[in-house]
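# Residue-level structural notes
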Amino acid sequence: MPNRPLPQPIGIVACSAEGAALCYRTICAEGARLLGPHAHPEISLHSHSLADYVSCLDRGDLDGVGELMLSSARKLAAAGARFLICPDNTIHQAMAYVEARSPLPWLHIAQVVAQRAAERGFRRIGITGTRWLVESEVYPDKLGALGLDYVRPSAEERAQIGRIIMDELVYGSFKPESVAYFQQVIERFKQAGCDAVVLGCTEIPLIISDENSPLPTLDSTRLLARAALKRAVAGD
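What counts, and at which threshold
Residues numbered from 1 in each chain as written. Predicted model: local features only at pLDDT ≥ 70, side-chain atom pairs only at ≥ 80, totals over all residues. Heavy atoms only, no water. Helix = DSSP H or I, 4+ residues; strand = E, 2+ residues; numbered from the N terminus. Rg over C-alpha atoms; globule rule 2.2 N^0.38 Å. Contact = heavy atoms within 4.5 Å. Areas by Shrake-Rupley, 256 points an atom, 1.4 Å probe, with all protein chains shown as cover. Lys, Arg positive; Asp, Glu negative; His and termini not counted. Charge placed at Lys NZ, Arg CZ, Asp CG, Glu CD. Buried < 20%, exposed > 50% of the residue type's maximum accessible area, 1.4 Å probe, protein only. Core = buried A, V, L, I, M, F, W, Y, C linked by side-chain atoms within 4.5 Å. Expected span 1.5 Å × (residues − 1). Salt bridge = Lys/Arg side-chain N within 4 Å of Asp/Glu carboxyl O. Phe/Tyr/Trp six-rings, centres within 6.5 Å; stacked < 30°, edge-to-face > 60°. Lys NZ or Arg CZ within 6 Å of the ring centre and 35° of its normal. Pairing = 2+ DSSP bridges. Axes fitted to C-alpha atoms, helices over the stretch in contact; angles between N-to-C directions.

### Quick word on the overall build of the protein
Tallying secondary structure elements over the protein gives ten helices and seven strands in all. At 17 Å, the protein has a C-alpha radius of gyration in line with the 18 Å of a compact globule built from 236 residues. Once the C-alpha set of the protein is aligned to its principal axes, its extents read approximately 55 × 40 × 35 Å. Look at the contacts in the protein between residues 6 or more apart in sequence, and 72% of them connect residues 24 or more apart. Only carbon and sulfur atoms are counted for the fraction: they give 50% of the accessible area of the protein, which is about 10,400 Å². Each charge class in the protein can be summarised by its mean position, and for the 24 positive and 27 negative side chains these summaries are 5 Å apart.

### Side note on helix H7 (residues 138-145)
Buried within H7 are the following residues: Val138, Tyr139, Pro140 and Leu143. Those residues of H7 hidden inside the fold are in contact with helix H5 (109-119), strand E4 (124-128), helix H6 (131-134), strand E5 (149-151), strand E6 (196-199) and helix H10 (220-234). Backbone geometry just after H7 places Gly147 at a positive phi near 75°.

### Structural notes on unusual backbone geometry
Trans is the common state for peptide bonds, and a negative phi is the common state for residues other than glycine. With a phi close to 70°, His38 is a non-glycine residue in the positive phi region. For His38, the position within the fold is in the loop between helix H1 (17-35) and strand E2 (43-47).

### Re the nonpolar core
A general trend in soluble globular proteins is that nonpolar side chains are found buried together. In terms of nonpolar packing, the biggest core is built from 33 residues, with Ile10, Ile27, Ile85, Ile125, Tyr139 and Leu218 touching the most fellow members. Those residues in contact with Ile10, other than ones at most four positions away along the chain, are Ile27, Pro41, Glu42, Ile43, Ser44, Ala81, Phe83, Ile85, Ala228, Leu229 and Ala232. Leu57, Val65, Val98 and Leu104 belong to the second-largest nonpolar core, a separate cluster that totals 23 residues.

### Structural notes on helix H3 (residues 62-78)
Counted at 1.5 Å a residue, the expected span for H3 with its 17 residues is 24 Å, and the 24 Å between its end C-alpha atoms agrees. Along H3, the positions that sit buried rather than exposed are Gly64, Val65, Gly66, Leu68, Met69, Leu70, Ser71, Ser72, Ala73 and Leu76. Summarising the contacts, the buried residues of H3 are in contact with strand E1 (10-14), E2, helix H2 (50-58), strand E3 (83-85) and helix H4 (95-99). Looking one or two places after H3, you find Gly80, whose phi comes out positive at around 110°.

### Observations regarding the pattern of salt bridges
If you walk through the whole model with that rule in mind, you get ten salt bridges. Measuring nitrogen to oxygen at the nearest pair gives 3.5 Å for the salt bridge that ties Glu135 to Arg158. On the criterion of sequence distance, the pair formed by Glu135 in the loop between H6 and H7 and Arg158 in helix H8 (residues 155-167) is long-range, its members being 23 residues apart. What makes Glu135 partly exposed here is its relative accessible area of 41%. Salt-bridge contacts for Arg152 lead to Glu137; the nearest nitrogen and oxygen are separated by 3.0 Å. With Arg152 in the loop between E5 and H8 and Glu137 in the loop between H6 and H7, the pair connects residues that are 15 residues apart, well separated along the chain. For Arg152, a relative accessible area of 22% corresponds to the partly exposed category.

### Remarks on the packing of aromatic side chains
Going through the model one piece at a time under the given rule, you end up with zero aromatic pairs. Taking NZ or CZ as reference, Arg101 lies 3.9 Å from the ring centre of Tyr97, over its face. A cation sits over an aromatic face here: Arg231 above Phe83, 4.9 Å from the ring centre.

### Overview of the sheet that holds E2
As summarised here, the arrangement of the three strands in space is E2-E1-E3, forming an open sheet in which the pairing is parallel. The sheet is open, and its two borders are formed by E2 and E3, each paired with just one other strand. This sheet shows a mean twist of 25° between the axes of neighbouring strands, independent of strand direction. Two strands pair when backbone bridges link them, and E1 and E2 are joined in this way by five bridges, in the parallel orientation. Of the residues in E2, the one forming a bridge with Ala14 is Ser47. H10 rests against E1 and E3 of the sheet, and its axis sits at about 170° to E3.

If you want it as structure tokens, here you go:
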């Protein structure tokens, strides 16, 4: 039997620890389905301090966010990565700045999610995530390009969801009342005609899934990990 070509090494540009860890674990755990027992592609990960990203986001400095991402990209390229992923939806706001300067190609998390939504036949998508993310065009642009409609959280919901993410989830704190709040928001999306919800912060899948969500979920973290795994194995 001919040897299978080695999968391409993956570079992870990390931002928050919990989201990056879930993405990394997913690639490793699901690699075996394609590559054999205990096998997964080579993975390199680099992370600047989350505080550096938050400082840039708070002052609206997307170029600063982009420079942090590019710094990680250069280090991952030097480590042997062939392409890059970022398991953080919010900082994809800087991708227009990053992609033109990057030493390596990227998979875009919102593009991966939007394609999956279209494949599953969803038409109207609720968006959850940090305030920075849901007030941006990261998901509207990618969903709209495929003819998909979307609903954003209200101002009050954005504030509360953002607090849960930044004060609890990024620290690995998972409270029942926070789960209930997300379920309440997703139920409102359902009443507004949504047929799916994007878990648009890579920590949200730690507390919300198809098992406890009023709507089918689009798990951005795992979808990105699976897309990266598929690309690594395909070698293109």
